[in-house]
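# Structure assessment
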Amino acid sequence: MSANAIPFELDCDGLRVAGLRAGKPGGLKVLALHGWLDNAASFLPLAEHLPGLDLVMVDLPGHGLSAHLPLTTPYTAPNAIVQTLAIADALGWQRFVLLGHSMGAAIASLVAAVARERVQGLVSIEALGGLSAPAGETVQRLRGYVDAMLKLGDKQLRVFPDLAAPVRARMMVNQLGEASARLLIERGVKPVEGGWSWRSDPRLMLPTAVRMTDEQVCDVISAIQCPVQVIYATPAQAYFPEPQRSRRAALLADGRLHTLPGHHHVHMDQAAEVAVVIGNFIAGLPDGD
């Protein structure tokens, strides 16, 4: 962990949200939202290069050290918007910059579109808007979700005798360097009998029940009015291909796009280069409380 990162916990409408805070008290308020099955440690490499920010890196509900959502509350995009604003409220932040990676960037896009008066700027890494699906897949997706949900109770959590295996797995799946993978794993597992198991809510592994159509996602992106810095790694990931991702960036009212060679977690393994882009963007933001 960065020597400058301080652990914290918030009470967000009765839900415990954990995270790490780094940088400069009184600096520009930046709320960082990580990707699917990642956690707050995703932004620690960037924090080393952005010391002038008041950077709050949260574990989203169900991830890292944060509480899981109640069984009656599903993990959905609308809920994620409300939860993000509740986190900002718990911090006492009325206006702030959002920094998101992957799933966190999709959530940040939605928040920026819905709560325009609160978002001063948006940095969106490796996503812009959520994943979309054709309307004709709706019933198929609902069936898949319900089937998986009904079988969830029968699944046993995997136990690792040490951290070497999950670290190697993250390195292979995400092309991560060992140091970056270890940051995510150490915050993403818990000690259990016989070794270590995942902290994350098993429901996060369920297929998405409902996705917006591409037209709906484009409507969201077009509604974002704050300045936006989009950062994509090249070559494009299969789940978010060209020309779709560039077309989305072109819909922004006040957007700029930067690409650099790398992989999906480019903000971790190439933190210095990504931090330069973020720093330049932030330096040009209009003043705001």
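Scroll up to find the structure.
Residues numbered from 1 in each chain as written. Predicted model: local features only at pLDDT ≥ 70, side-chain atom pairs only at ≥ 80, totals over all residues. Heavy atoms only, no water.

## Topic: helix 10 (residues 271-283)
The first and last C-alpha atoms of helix 10 sit 18 Å apart over 13 residues, in line with the 18 Å expected at 1.5 Å per residue. For helix 10, the full list of buried residues reads Ala-271, Val-274, Ala-275, Val-277, Ile-278, Phe-281 and Ile-282. Viewed along the axis of helix 10, the buried residues span an arc of 160°, placing them on a single side of the element. Looking at helix 10, the residues exposed on the side facing more than 90 degrees away from the buried face are Asn-280 and Ala-283. (Helix = DSSP H or I, 4+ residues; strand = E, 2+ residues; numbered from the N terminus. Expected span 1.5 Å × (residues − 1). Buried < 20%, exposed > 50% of the residue type's maximum accessible area, 1.4 Å probe, protein only. Arc of directions from axis to C-beta.)

## Focus on the pattern of salt bridges
Evaluated as defined, the whole model comprises twelve salt bridges. The salt bridge partner of Lys-151 is Asp-147, with a shortest N-O separation of 3.2 Å. Placement of the pair is Lys-151 and Asp-147 together in helix 4 (residues 138-151), with a separation of four residues, close to one helical turn. A network of salt bridges, in which partner residues are shared, links Glu-126, Glu-242 and Arg-245. (Salt bridge = Lys/Arg side-chain N within 4 Å of Asp/Glu carboxyl O.)

## So, the packing of helix 5 (residues 164-174) against helix 6 (residues 178-188)
It is at 9 Å that the axes of helix 5 and helix 6 come closest, and there the two elements cross at 120°. The angle between helix 5 and helix 6 falls in the class oblique. Once helix 5 is placed against helix 6, the crossing between them reads as right-handed. Listed contacts from helix 6 to Pro-166, Val-167, Arg-170 and Met-171 of helix 5 are Glu-178, Ala-181, Arg-182, Leu-184 and Ile-185. Classifying every residue of the contact of helix 5 with helix 6 gives six nonpolar, no polar and three charged. (Axes fitted to C-alpha atoms, helices over the stretch in contact; angles between N-to-C directions. Parallel < 35°, antiparallel > 145°, perpendicular 65-115°, else oblique. Left-handed = near helix turned anticlockwise from the far one by under 90°. Contact = heavy atoms within 4.5 Å. Nonpolar A, V, L, I, M, F, W, Y, C, P; charged D, E, K, R; others polar.)

## Points about the packing of aromatic side chains
Inspection of every chain in the model, using the stated rule, returns four aromatic pairs. Each ring, one from Trp-93 and one from Phe-96, has its centre 6.4 Å from the other, and the planes form 35°; the classification is tilted. Note on accessibility: Trp-93 and Phe-96 belong to one class, buried. Ring centres 5.4 Å apart and planes at 75° place the aromatic pair Phe-160 and Trp-198 in the edge-to-face group. With Phe-160 in the loop between helix 4 and helix 5 and Trp-198 in strand 8 (residues 195-198), this residue pair connects regions lying 38 residues apart in the sequence. By relative accessible area, which is 4% here, Phe-160 ends up buried. Trp-198 gets classed as partly exposed once you look at its relative accessible area, which sits at 27%. (Phe/Tyr/Trp six-rings, centres within 6.5 Å; stacked < 30°, edge-to-face > 60°.)

## A word on the sheet that holds strand 3 (residues 28-33)
Taken in spatial order, the eight strands line up as 1-2-4-3-5-6-9-10 in an open sheet, and their pairing is mixed. Strand pairing shows two members of the sheet lacking a second neighbour, strand 1 (6-12) and strand 10 (255-261), which therefore form its edges. Between one strand axis and the next, the sheet turns by 25° as a mean value, whatever way the strands run. Of the strand pairs in this sheet, strand 9 (residues 228-234) and strand 10 are connected by seven bridges, and their pairing is parallel. Bridged to Gln-229 within strand 10 is Arg-256. Those strands touched by helix 2 (residues 77-91) are strand 1, strand 2 (15-23), strand 3, strand 4 (53-58) and strand 5 (96-101), and its axis lies near 110° from that of strand 1. Packed on one face of the sheet, helix 10 meets strand 3, strand 4, strand 5, strand 6 (119-125), strand 9 and strand 10 and runs near 165° to strand 9. (Pairing = 2+ DSSP bridges.)

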